Amino acid sequence: IIVHSTLNTINKARKEMEKEIGRPPSMPELAHKLDMPLEKLNFYADTSRNVLSLESPSSGNDSVDDKRTLGDRIASDAPTPEEDAEVDSLRRDIRAVIDELSDKERDVLVSRFGLDDGSPRTVEQTAKKLGISRDRVRNVEARALNKLRHPQRNYRLKEYV
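Residues numbered from 1 in each chain as written. Predicted model: local features only at pLDDT ≥ 70, side-chain atom pairs only at ≥ 80, totals over all residues. Heavy atoms only, no water.

### Focus on the overall build of the chain
Scanning the chain for helices and strands turns up nine helices and zero strands. Counting from the amino terminus, the chain carries its helices and strands in the arrangement α-α-α-α-α-α-α-α-α. Within the chain, buried positions represent 26% of all 161 residues. Within the chain, contacts between residues at least 6 apart in sequence are counted, and of these 34% link residues at least 24 apart. Accessible surface computed for the chain: about 11700 Å², of which carbon and sulfur atoms make up 52%. (Helix = DSSP H or I, 4+ residues; strand = E, 2+ residues; numbered from the N terminus. Buried < 20%, exposed > 50% of the residue type's maximum accessible area, 1.4 Å probe, protein only. Contact = heavy atoms within 4.5 Å. Areas by Shrake-Rupley, 256 points an atom, 1.4 Å probe, with all protein chains shown as cover.)

Next comes the structure, spelled out in structure tokens:
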């Protein structure tokens, strides 16, 4: 409250001096009028400039659907831009590792773990989708996961664990 009243006093004196001298006053002139040290006046001027409304649109995401305000981002459980970037990076790296597998292995893992649409499928659903037996899905999945455990393939994903 004291800071707020001091800022109001500074602004009032600034407006009065502008009317008197016909131009915005310099900081030393304003400090003299207020009988305040110049350093203190500069401090108040600097702190008053950095005020942001919590209702202002947040930046960092150019998505048209993202209408969150700064206050929403601060008080929200929604992912931060950094978390969004990390998830995007993880998806790219998973896709790059998966793309090194054979077509059948890739199709089985994508279907079983829902890497395409976020909906994991059972062995039976995957078998029907790919037109192969359930045992074949299990064998292909096991072989693909063993390949992914090899350090030559999984080095890109280690930083996320």
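### Comments concerning the packing of aromatic side chains
Applying the stated rule across the entire model yields one aromatic pair. Seen from their ring centres, F43 and Y44 are 5.8 Å apart, and the 65° between their planes marks the pair as edge-to-face. A relative accessible area of 51% places F43 in the exposed class. Of the residues examined, Y44 reaches a relative accessible area of 10% and is grouped as buried. (Phe/Tyr/Trp six-rings, centres within 6.5 Å; stacked < 30°, edge-to-face > 60°.)

### Some thoughts on the pattern of salt bridges
Under the defined criterion, the tally for this structure stands at 16 salt bridges. One salt bridge in this structure joins R153 and E100, with 3.9 Å as the shortest N-O distance. Of this pair, R153 sits in helix α9 (residues 151-154) while E100 sits in the loop between α5 (81-98) and α6 (103-113), placing them 53 residues apart in sequence. E100 sits in the partly exposed class, given a relative accessible area of 37%. Residues E105 and K147 are paired through a salt bridge, measuring 3.0 Å at the closest nitrogen-oxygen approach. Taken together, the residues E105 in helix α6 and K147 in helix α8 (residues 134-149) connect sequence positions 42 residues apart. A residue is classified by how much of its surface remains accessible, and E105, at 1% relative accessible area, is buried. One salt-bridge network, held together by shared partners, links D116, D117, R121 and K129. (Salt bridge = Lys/Arg side-chain N within 4 Å of Asp/Glu carboxyl O.)

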